[in-house]
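Listed below, chain by chain, are the residues.
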Amino acid sequence: MTDFAATKAMFDLPDGVIYLDGNSLGPLPRSVPERIGAMLRDEWGEMLITGWNKAGWMAQPMALGDRIGRLIGAEPGHVVMGDTLSLKVYQALAAALDLRPDRRVVLSDSGNFPTDLYMAEGLLKTLDKGHELRIVAPEEVEAAITDEVAVLMLTEVDYRTGRLHDMAALTRKAHAAGALTVWDLAHSAGALPVDLAGAGADFAIGCTYKYLNGGPGSPAFIYVAPRHAGKVRPALSGWLGHDAPFAFDLDYRPGSGIERMRVGTPPVIQMTALDCALDIWERADIADVRAKSVALCDRFIAGVEAACPMLTLASPRDGARRGSQVSFRFADGYAAMQALIARGVIGDFRAPDIMRFGFTPLYIDEADVDAAVAILSDVMTNALWDRPEYKARAAVT
Ligand SMILES: *Cc1c(COP(=O)(O)O)cnc(C)c1O
(Lines give C-alpha, C1' and ligand atoms only; values in the text may rest on other atoms or scores of the structure.)
Protein backbone atom coordinates (compact mmCIF):
# COMPACT_ATOMS: atom_id res chain seq x y z
CA MET A 1 0.00 0.00 0.00
CA THR A 2 1.27 3.48 -0.81
CA ASP A 3 1.96 5.61 2.26
CA PHE A 4 0.27 8.83 1.17
CA ALA A 5 1.26 10.70 4.34
CA ALA A 6 4.87 9.99 3.35
CA THR A 7 4.40 11.14 -0.25
CA LYS A 8 2.63 14.30 0.92
CA ALA A 9 5.65 15.11 3.09
CA MET A 10 7.80 14.99 -0.04
CA PHE A 11 6.16 18.15 -1.46
CA ASP A 12 6.76 21.73 -0.47
CA LEU A 13 3.31 23.32 -0.38
CA PRO A 14 2.80 26.81 1.07
CA ASP A 15 1.04 26.94 4.45
CA GLY A 16 -2.66 27.63 4.25
CA VAL A 17 -3.00 26.46 0.64
CA ILE A 18 -5.13 23.59 -0.59
CA TYR A 19 -3.68 22.92 -4.00
CA LEU A 20 -6.28 21.53 -6.39
CA ASP A 21 -4.44 22.51 -9.57
CA GLY A 22 -1.83 19.78 -9.86
CA ASN A 23 -3.59 18.78 -13.06
CA SER A 24 -2.20 21.99 -14.56
CA LEU A 25 1.11 22.46 -12.73
CA GLY A 26 2.31 20.00 -10.12
CA PRO A 27 3.84 21.48 -6.93
CA LEU A 28 7.52 21.58 -6.01
CA PRO A 29 9.01 18.36 -4.65
CA ARG A 30 11.12 19.20 -1.59
CA SER A 31 14.21 17.49 -2.98
CA VAL A 32 14.34 19.57 -6.18
CA PRO A 33 16.05 22.80 -5.03
CA GLU A 34 18.96 20.93 -3.41
CA ARG A 35 19.33 18.59 -6.37
CA ILE A 36 19.22 21.42 -8.92
CA GLY A 37 21.73 23.36 -6.82
CA ALA A 38 24.08 20.37 -6.76
CA MET A 39 23.65 19.84 -10.49
CA LEU A 40 24.49 23.47 -11.24
CA ARG A 41 27.50 23.45 -8.94
CA ASP A 42 28.98 19.98 -9.48
CA GLU A 43 27.95 19.28 -13.05
CA TRP A 44 27.53 22.47 -15.09
CA GLY A 45 29.93 24.42 -12.89
CA GLU A 46 32.69 21.82 -12.51
CA MET A 47 32.36 19.52 -15.48
CA LEU A 48 31.46 22.17 -18.03
CA ILE A 49 31.02 20.55 -21.44
CA THR A 50 32.25 17.16 -20.23
CA GLY A 51 28.95 16.89 -18.32
CA TRP A 52 27.30 15.58 -21.49
CA ASN A 53 29.29 12.37 -21.02
CA LYS A 54 30.43 12.37 -17.40
CA ALA A 55 27.13 13.37 -15.82
CA GLY A 56 25.11 11.42 -18.37
CA TRP A 57 23.18 14.44 -19.66
CA MET A 58 23.00 13.01 -23.17
CA ALA A 59 21.52 9.73 -21.93
CA GLN A 60 18.88 11.44 -19.78
CA PRO A 61 16.12 11.68 -22.42
CA MET A 62 16.03 7.89 -22.80
CA ALA A 63 16.57 7.12 -19.10
CA LEU A 64 13.73 9.43 -18.05
CA GLY A 65 11.61 8.09 -20.91
CA ASP A 66 11.90 4.65 -19.37
CA ARG A 67 10.96 5.91 -15.92
CA ILE A 68 7.81 7.44 -17.38
CA GLY A 69 7.29 4.42 -19.60
CA ARG A 70 6.78 2.30 -16.48
CA LEU A 71 3.86 4.52 -15.44
CA ILE A 72 2.13 4.30 -18.82
CA GLY A 73 2.62 0.66 -19.74
CA ALA A 74 5.21 1.25 -22.46
CA GLU A 75 7.76 -1.33 -23.48
CA PRO A 76 11.26 -0.43 -22.17
CA GLY A 77 13.28 1.65 -24.61
CA HIS A 78 10.27 3.07 -26.44
CA VAL A 79 9.70 6.44 -24.76
CA VAL A 80 11.94 9.48 -25.13
CA MET A 81 11.85 12.99 -23.66
CA GLY A 82 12.17 16.33 -25.35
CA ASP A 83 10.59 19.58 -26.50
CA THR A 84 7.06 20.56 -25.52
CA LEU A 85 3.88 18.57 -25.89
CA SER A 86 2.69 20.74 -28.79
CA LEU A 87 5.78 19.71 -30.76
CA LYS A 88 5.31 16.07 -29.81
CA VAL A 89 1.73 16.23 -31.16
CA TYR A 90 3.13 17.43 -34.47
CA GLN A 91 5.83 14.74 -34.54
CA ALA A 92 3.52 11.87 -33.65
CA LEU A 93 0.78 12.90 -36.06
CA ALA A 94 3.24 13.49 -38.91
CA ALA A 95 4.80 10.06 -38.35
CA ALA A 96 1.41 8.36 -38.16
CA LEU A 97 0.11 10.04 -41.33
CA ASP A 98 3.25 8.99 -43.15
CA LEU A 99 2.38 5.35 -42.32
CA ARG A 100 -1.09 5.78 -43.86
CA PRO A 101 -0.27 7.58 -47.13
CA ASP A 102 -3.50 6.56 -48.88
CA ARG A 103 -5.86 8.12 -46.35
CA ARG A 104 -6.76 11.76 -45.79
CA VAL A 105 -8.75 12.09 -42.55
CA VAL A 106 -7.46 12.89 -39.07
CA LEU A 107 -10.25 12.22 -36.58
CA SER A 108 -10.33 14.05 -33.26
CA ASP A 109 -12.94 15.37 -30.85
CA SER A 110 -14.12 18.71 -29.57
CA GLY A 111 -12.89 17.80 -26.08
CA ASN A 112 -9.32 17.77 -27.28
CA PHE A 113 -6.99 20.48 -26.04
CA PRO A 114 -6.81 23.30 -28.58
CA THR A 115 -3.05 23.12 -29.14
CA ASP A 116 -3.41 19.52 -30.33
CA LEU A 117 -5.99 20.64 -32.89
CA TYR A 118 -3.98 23.72 -33.87
CA MET A 119 -0.81 21.69 -34.41
CA ALA A 120 -2.76 19.20 -36.53
CA GLU A 121 -4.23 22.04 -38.57
CA GLY A 122 -0.78 23.52 -39.18
CA LEU A 123 0.71 20.17 -40.12
CA LEU A 124 -2.09 19.36 -42.57
CA LYS A 125 -1.69 22.76 -44.23
CA THR A 126 2.05 22.25 -44.56
CA LEU A 127 1.58 18.78 -46.03
CA ASP A 128 -0.82 20.33 -48.57
CA LYS A 129 -2.15 16.94 -49.70
CA GLY A 130 -5.83 17.58 -49.09
CA HIS A 131 -6.07 16.16 -45.57
CA GLU A 132 -9.12 16.92 -43.45
CA LEU A 133 -9.15 17.42 -39.67
CA ARG A 134 -12.53 15.99 -38.67
CA ILE A 135 -13.69 17.05 -35.21
CA VAL A 136 -16.70 15.32 -33.67
CA ALA A 137 -18.26 15.36 -30.21
CA PRO A 138 -16.48 13.02 -27.75
CA GLU A 139 -19.44 10.65 -27.57
CA GLU A 140 -19.54 10.41 -31.38
CA VAL A 141 -15.92 9.37 -31.85
CA GLU A 142 -16.53 5.66 -31.93
CA ALA A 143 -19.16 5.87 -34.67
CA ALA A 144 -16.97 8.24 -36.70
CA ILE A 145 -14.11 5.73 -37.04
CA THR A 146 -14.49 4.74 -40.68
CA ASP A 147 -12.11 3.41 -43.30
CA GLU A 148 -11.43 6.98 -44.43
CA VAL A 149 -9.60 7.69 -41.21
CA ALA A 150 -5.81 7.67 -41.35
CA VAL A 151 -5.23 8.63 -37.73
CA LEU A 152 -7.43 8.79 -34.65
CA MET A 153 -5.89 11.53 -32.51
CA LEU A 154 -7.39 11.88 -29.03
CA THR A 155 -6.57 13.10 -25.56
CA GLU A 156 -7.56 10.30 -23.20
CA VAL A 157 -8.86 12.60 -20.43
CA ASP A 158 -10.81 15.72 -21.42
CA TYR A 159 -9.05 18.75 -19.91
CA ARG A 160 -12.33 20.51 -19.17
CA THR A 161 -14.71 17.82 -17.97
CA GLY A 162 -12.36 14.98 -17.01
CA ARG A 163 -14.28 12.56 -19.25
CA LEU A 164 -12.15 9.46 -19.87
CA HIS A 165 -12.04 7.76 -23.28
CA ASP A 166 -11.78 3.96 -23.46
CA MET A 167 -8.31 3.74 -24.98
CA ALA A 168 -8.32 -0.01 -25.54
CA ALA A 169 -11.75 -0.12 -27.19
CA LEU A 170 -11.19 2.89 -29.44
CA THR A 171 -7.74 1.64 -30.46
CA ARG A 172 -9.23 -1.74 -31.33
CA LYS A 173 -11.94 -0.07 -33.42
CA ALA A 174 -9.39 2.18 -35.15
CA HIS A 175 -7.19 -0.77 -36.02
CA ALA A 176 -10.15 -2.74 -37.34
CA ALA A 177 -10.85 0.22 -39.66
CA GLY A 178 -7.20 0.34 -40.76
CA ALA A 179 -6.39 3.55 -38.86
CA LEU A 180 -3.56 4.35 -36.47
CA THR A 181 -3.90 6.03 -33.07
CA VAL A 182 -2.16 8.97 -31.38
CA TRP A 183 -3.04 9.21 -27.68
CA ASP A 184 -2.32 12.35 -25.70
CA LEU A 185 -1.71 11.41 -22.06
CA ALA A 186 -1.35 14.96 -20.67
CA HIS A 187 -4.06 14.31 -18.06
CA SER A 188 -3.38 10.58 -17.72
CA ALA A 189 0.32 10.11 -16.98
CA GLY A 190 0.63 10.03 -13.19
CA ALA A 191 -3.15 10.36 -12.79
CA LEU A 192 -4.35 6.86 -13.61
CA PRO A 193 -2.99 3.52 -14.84
CA VAL A 194 -2.31 3.52 -18.58
CA ASP A 195 -1.47 0.39 -20.52
CA LEU A 196 -0.14 1.50 -23.90
CA ALA A 197 1.26 -1.89 -24.84
CA GLY A 198 -1.86 -3.71 -23.69
CA ALA A 199 -4.13 -1.33 -25.57
CA GLY A 200 -2.02 -1.66 -28.71
CA ALA A 201 -1.62 2.12 -28.99
CA ASP A 202 0.52 3.21 -31.94
CA PHE A 203 1.79 6.58 -30.69
CA ALA A 204 1.45 8.41 -27.38
CA ILE A 205 2.62 11.76 -26.11
CA GLY A 206 2.29 13.75 -22.93
CA CYS A 207 3.69 16.45 -20.72
CA THR A 208 5.45 16.13 -17.39
CA TYR A 209 4.60 19.34 -15.53
CA LYS A 210 1.03 18.27 -14.63
CA TYR A 211 0.61 15.03 -12.64
CA LEU A 212 4.31 14.16 -12.91
CA ASN A 213 5.41 17.35 -11.09
CA GLY A 214 8.45 18.11 -13.29
CA GLY A 215 8.01 21.88 -12.95
CA PRO A 216 7.07 24.64 -15.40
CA GLY A 217 8.73 23.97 -18.74
CA SER A 218 9.73 20.36 -18.05
CA PRO A 219 10.04 18.35 -21.28
CA ALA A 220 7.36 16.29 -22.98
CA PHE A 221 7.55 12.58 -23.86
CA ILE A 222 6.74 10.55 -26.93
CA TYR A 223 6.07 6.83 -27.33
CA VAL A 224 6.17 4.91 -30.58
CA ALA A 225 5.03 1.27 -30.54
CA PRO A 226 7.91 -1.16 -31.16
CA ARG A 227 6.30 -2.35 -34.41
CA HIS A 228 6.55 1.18 -35.86
CA ALA A 229 9.64 2.53 -34.13
CA GLY A 230 12.12 1.38 -36.78
CA LYS A 231 9.88 2.48 -39.64
CA VAL A 232 8.72 6.01 -38.85
CA ARG A 233 10.17 8.96 -40.71
CA PRO A 234 10.67 11.93 -38.38
CA ALA A 235 9.20 15.18 -39.66
CA LEU A 236 11.38 17.10 -37.21
CA SER A 237 14.64 15.54 -38.33
CA GLY A 238 17.03 17.18 -35.88
CA TRP A 239 20.62 16.22 -35.31
CA LEU A 240 20.06 14.41 -32.02
CA GLY A 241 17.60 12.09 -33.77
CA HIS A 242 20.31 11.28 -36.34
CA ASP A 243 21.88 7.84 -36.36
CA ALA A 244 25.31 9.37 -35.68
CA PRO A 245 24.93 12.97 -34.46
CA PHE A 246 28.65 13.40 -33.93
CA ALA A 247 29.59 12.19 -37.40
CA PHE A 248 28.19 15.55 -38.59
CA ASP A 249 27.12 14.07 -41.94
CA LEU A 250 25.45 16.41 -44.38
CA ASP A 251 22.45 14.17 -44.89
CA TYR A 252 19.93 12.89 -42.34
CA ARG A 253 19.76 9.24 -41.39
CA PRO A 254 17.24 8.38 -38.65
CA GLY A 255 18.57 7.01 -35.38
CA SER A 256 17.58 3.59 -34.13
CA GLY A 257 14.05 3.17 -32.85
CA ILE A 258 12.59 5.85 -30.59
CA GLU A 259 15.88 7.81 -30.50
CA ARG A 260 14.94 9.22 -33.90
CA MET A 261 12.16 11.19 -32.20
CA ARG A 262 14.74 13.30 -30.40
CA VAL A 263 15.26 16.69 -32.03
CA GLY A 264 17.85 19.00 -30.44
CA THR A 265 19.72 19.70 -27.23
CA PRO A 266 17.73 18.47 -24.24
CA PRO A 267 16.83 20.81 -21.31
CA VAL A 268 19.20 19.31 -18.76
CA ILE A 269 18.25 21.47 -15.77
CA GLN A 270 14.57 20.72 -16.26
CA MET A 271 15.29 17.05 -16.70
CA THR A 272 17.15 17.04 -13.40
CA ALA A 273 14.05 18.45 -11.70
CA LEU A 274 11.88 15.87 -13.43
CA ASP A 275 14.19 13.02 -12.43
CA CYS A 276 13.90 14.17 -8.83
CA ALA A 277 10.10 14.42 -9.08
CA LEU A 278 9.91 10.91 -10.51
CA ASP A 279 11.71 9.56 -7.41
CA ILE A 280 8.41 10.09 -5.59
CA TRP A 281 6.85 7.47 -7.87
CA GLU A 282 9.27 4.88 -6.47
CA ARG A 283 7.18 5.20 -3.28
CA ALA A 284 3.76 5.22 -4.95
CA ASP A 285 1.71 2.58 -6.71
CA ILE A 286 -0.36 4.00 -9.55
CA ALA A 287 -3.24 1.60 -8.74
CA ASP A 288 -3.37 3.00 -5.19
CA VAL A 289 -3.19 6.54 -6.59
CA ARG A 290 -6.12 5.81 -8.88
CA ALA A 291 -8.26 4.27 -6.13
CA LYS A 292 -7.65 7.22 -3.81
CA SER A 293 -8.16 9.75 -6.59
CA VAL A 294 -11.60 8.32 -7.38
CA ALA A 295 -12.50 8.34 -3.68
CA LEU A 296 -11.35 11.97 -3.23
CA CYS A 297 -13.26 13.10 -6.33
CA ASP A 298 -16.41 11.27 -5.17
CA ARG A 299 -16.09 12.88 -1.74
CA PHE A 300 -15.71 16.33 -3.30
CA ILE A 301 -18.71 15.85 -5.59
CA ALA A 302 -20.92 14.66 -2.71
CA GLY A 303 -19.85 17.58 -0.49
CA VAL A 304 -20.28 20.24 -3.16
CA GLU A 305 -23.63 18.94 -4.38
CA ALA A 306 -24.96 18.91 -0.83
CA ALA A 307 -23.79 22.46 -0.09
CA CYS A 308 -23.86 24.32 -3.43
CA PRO A 309 -27.01 23.73 -5.48
CA MET A 310 -26.04 26.59 -7.81
CA LEU A 311 -23.13 24.55 -9.19
CA THR A 312 -23.74 21.95 -11.92
CA LEU A 313 -21.49 18.93 -12.18
CA ALA A 314 -19.71 18.93 -15.57
CA SER A 315 -17.70 15.73 -14.99
CA PRO A 316 -18.88 12.14 -15.31
CA ARG A 317 -20.43 11.02 -12.03
CA ASP A 318 -19.05 7.52 -12.48
CA GLY A 319 -15.46 7.52 -11.22
CA ALA A 320 -14.49 4.83 -13.72
CA ARG A 321 -15.31 7.22 -16.57
CA ARG A 322 -13.45 10.18 -15.13
CA GLY A 323 -9.82 11.24 -14.91
CA SER A 324 -8.40 12.76 -11.73
CA GLN A 325 -10.32 16.03 -11.77
CA VAL A 326 -13.81 17.35 -11.07
CA SER A 327 -15.42 20.28 -12.86
CA PHE A 328 -18.49 22.30 -12.07
CA ARG A 329 -20.28 24.80 -14.27
CA PHE A 330 -21.19 28.20 -12.91
CA ALA A 331 -21.91 31.32 -14.97
CA ASP A 332 -19.63 33.47 -12.79
CA GLY A 333 -17.10 30.67 -12.46
CA TYR A 334 -14.11 32.93 -13.09
CA ALA A 335 -14.97 35.26 -10.21
CA ALA A 336 -15.90 32.34 -7.96
CA MET A 337 -12.51 30.73 -8.62
CA GLN A 338 -10.72 33.99 -7.85
CA ALA A 339 -12.62 34.25 -4.57
CA LEU A 340 -11.59 30.68 -3.74
CA ILE A 341 -7.95 31.32 -4.59
CA ALA A 342 -8.01 34.40 -2.34
CA ARG A 343 -9.06 32.00 0.45
CA GLY A 344 -6.26 29.50 -0.25
CA VAL A 345 -8.14 26.95 -2.37
CA ILE A 346 -6.35 26.89 -5.71
CA GLY A 347 -8.18 25.46 -8.70
CA ASP A 348 -8.57 27.00 -12.13
CA PHE A 349 -11.11 28.21 -14.64
CA ARG A 350 -11.69 27.13 -18.22
CA ALA A 351 -13.89 29.23 -20.47
CA PRO A 352 -16.76 29.64 -20.76
CA ASP A 353 -17.97 28.55 -17.30
CA ILE A 354 -15.93 25.65 -15.92
CA MET A 355 -14.47 25.64 -12.42
CA ARG A 356 -11.88 22.89 -12.42
CA PHE A 357 -10.41 21.04 -9.45
CA GLY A 358 -7.63 18.45 -9.70
CA PHE A 359 -7.27 15.72 -7.07
CA THR A 360 -3.78 14.34 -6.66
CA PRO A 361 -3.49 11.77 -3.86
CA LEU A 362 0.30 12.15 -3.64
CA TYR A 363 -0.30 15.35 -1.67
CA ILE A 364 -4.07 15.88 -1.30
CA ASP A 365 -6.03 14.00 1.37
CA GLU A 366 -9.58 13.74 2.73
CA ALA A 367 -9.07 16.61 5.19
CA ASP A 368 -8.03 18.86 2.28
CA VAL A 369 -11.16 17.89 0.35
CA ASP A 370 -13.41 18.62 3.32
CA ALA A 371 -11.74 21.97 3.97
CA ALA A 372 -12.05 22.92 0.28
CA VAL A 373 -15.76 22.00 0.29
CA ALA A 374 -16.35 24.16 3.38
CA ILE A 375 -14.62 27.18 1.82
CA LEU A 376 -16.37 26.72 -1.53
CA SER A 377 -19.67 26.42 0.27
CA ASP A 378 -19.04 29.73 2.08
CA VAL A 379 -18.03 31.48 -1.16
CA MET A 380 -21.11 30.25 -3.01
CA THR A 381 -23.76 30.50 -0.29
CA ASN A 382 -22.74 34.03 0.66
CA ALA A 383 -21.92 35.12 -2.95
CA LEU A 384 -18.46 36.18 -1.76
CA TRP A 385 -17.33 36.08 -5.39
CA ASP A 386 -19.51 39.04 -6.34
CA ARG A 387 -16.82 41.71 -6.14
CA PRO A 388 -15.18 43.69 -8.95
CA GLU A 389 -11.64 42.57 -8.08
CA TYR A 390 -12.58 38.92 -8.65
CA LYS A 391 -14.00 39.63 -12.09
CA ALA A 392 -10.92 41.26 -13.70
CA ARG A 393 -9.35 38.56 -15.86
CA ALA A 394 -5.63 37.81 -15.71
CA ALA A 395 -3.70 36.58 -18.77
CA VAL A 396 -3.45 33.02 -17.46
CA THR A 397 -6.71 31.64 -16.08
C1 LIG B 1 -1.48 20.73 -21.10
C2 LIG B 1 -1.74 20.22 -22.47
C3 LIG B 1 -0.96 20.62 -23.57
C4 LIG B 1 0.10 21.68 -23.43
O5 LIG B 1 1.05 21.65 -24.47
P6 LIG B 1 2.45 22.39 -24.26
O7 LIG B 1 3.12 22.30 -25.57
O8 LIG B 1 3.16 21.67 -23.16
O9 LIG B 1 2.16 23.80 -23.85
C10 LIG B 1 -1.21 20.04 -24.79
N11 LIG B 1 -2.19 19.11 -24.95
C12 LIG B 1 -2.96 18.70 -23.91
C13 LIG B 1 -4.01 17.68 -24.13
C14 LIG B 1 -2.78 19.26 -22.65
O15 LIG B 1 -3.56 18.89 -21.64
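One can find the structure itself at the top, above this paragraph.
Rules used in this analysis
Residues numbered from 1 in each chain as written. Predicted model: local features only at pLDDT ≥ 70, side-chain atom pairs only at ≥ 80, totals over all residues. Heavy atoms only, no water. Axes fitted to C-alpha atoms, helices over the stretch in contact; angles between N-to-C directions. Helix = DSSP H or I, 4+ residues; strand = E, 2+ residues; numbered from the N terminus. Parallel < 35°, antiparallel > 145°, perpendicular 65-115°, else oblique. Left-handed = near helix turned anticlockwise from the far one by under 90°. Contact = heavy atoms within 4.5 Å. Nonpolar A, V, L, I, M, F, W, Y, C, P; charged D, E, K, R; others polar. Phe/Tyr/Trp six-rings, centres within 6.5 Å; stacked < 30°, edge-to-face > 60°. Buried < 20%, exposed > 50% of the residue type's maximum accessible area, 1.4 Å probe, protein only. Pairing = 2+ DSSP bridges. Near = heavy atom within 4 Å. Polar contact = N/O pair within 3.5 Å; in protein donor to acceptor, adjacent residues only side chain to side chain. Areas by Shrake-Rupley, 256 points an atom, 1.4 Å probe, with all protein chains shown as cover. Salt bridge = Lys/Arg side-chain N within 4 Å of Asp/Glu carboxyl O.

(A) Examining the packing of helix H2 (residues 32-47) against helix H11 (residues 268-279) more closely. Where H2 meets H11, the axes come as close as 9 Å, and the angle between the chain directions of the two elements is 140°. Comparing their axes, H11 and H2 come out oblique. The way H2 lies across H11 gives a crossing that is right-handed. Seen from H2, the contacting residues are Val32, Arg35, Ile36, Met39, Leu40 and Trp44; seen from H11, they are Val268, Ile269, Thr272, Ala273, Asp275, Cys276 and Asp279. Grouping the amino acids of the contact of H2 with H11 by side-chain chemistry returns 9 nonpolar, 1 polar and 3 charged.

(B) Region of the structure containing the packing of aromatic side chains. Inspection of the entire model under this criterion finds 11 aromatic pairs. Ring centres 5.3 Å apart and planes at 85° place the aromatic pair Trp52 and Trp57 in the edge-to-face group. Residue classification places Trp57 among the buried residues on the basis of a relative accessible area of 6%. Each residue in the set Phe300, Phe328, Phe357 and Phe359 is aromatic and connected to the rest through ring pairs, giving one cluster.

(C) Expanded view of the pairing of strand S15 (residues 354-358). When you tally the buried positions in S15, you get 5 out of 5 residues, the bulk of the element. Burial along S15 is two-sided: the residues Ile354, Arg356 and Gly358 and Met355 and Phe357 are all buried. As defined by bridge partners, strand S12 (residues 325-329) adjoins S15 across 5 bridges and the pair is classed as antiparallel. Across the sheet, residue Ser327 finds its bridge partner in S15, namely Arg356. With 3 bridges connecting them, strand S14 (residues 348-350) and S15 associate as antiparallel partners. The partner of Arg350 across the bridge, within S15, is Ile354. Following S14, the chain reverses through 3 residues before pairing antiparallel with S15.

(D) Representation of the site of the ligand in the model. Neighbouring the ligand are the residues Thr84, Leu85, Ser86, Phe113, Thr115, Asp116, Thr155, Asp184, Ala186, His187, Tyr209 and Lys210. Here an oxygen atom of the ligand sits 3.2 Å away from a polar atom, N or O, in the side chain of Thr84. The contact in question runs from a nitrogen atom of the ligand to an N or O atom on the side chain of Asp116, over 2.7 Å. Taking 390 Å² as the accessible area of the ligand by itself, protein coverage stands at 85%.

(E) Molecular detail of the environment of Gly16. With respect to the element layout, Gly16 can be found in the loop between strand S1 (11-12) and strand S2 (18-19). For Gly16, a relative accessible area of 67% corresponds to the exposed category. Separated by 328 residues in sequence, Gly16 and Gly344 have C-alpha atoms that sit 6.1 Å apart.

(F) The arrangement of the pattern of salt bridges in detail. Taken as a whole, this structure holds 30 salt bridges when the rule is applied. Across the pair Asp275 and Arg35 runs a salt bridge whose closest N-O atoms are separated by 2.7 Å. In this pair, Asp275 sits in helix H11 while Arg35 sits in helix H2, placing the two residues 240 residues apart along the sequence. Assessed through its relative accessible area of 16%, Asp275 is described here as buried. Between Arg134 and Glu132 there is a salt bridge whose closest N-O contact spans 2.9 Å. Look at Glu132 and you get partly exposed, because its relative accessible area is 34%. Ionic contacts of the salt-bridge type, sharing partners, join the residues Arg35, Arg67, Asp275, Asp279 and Glu282 into one network.

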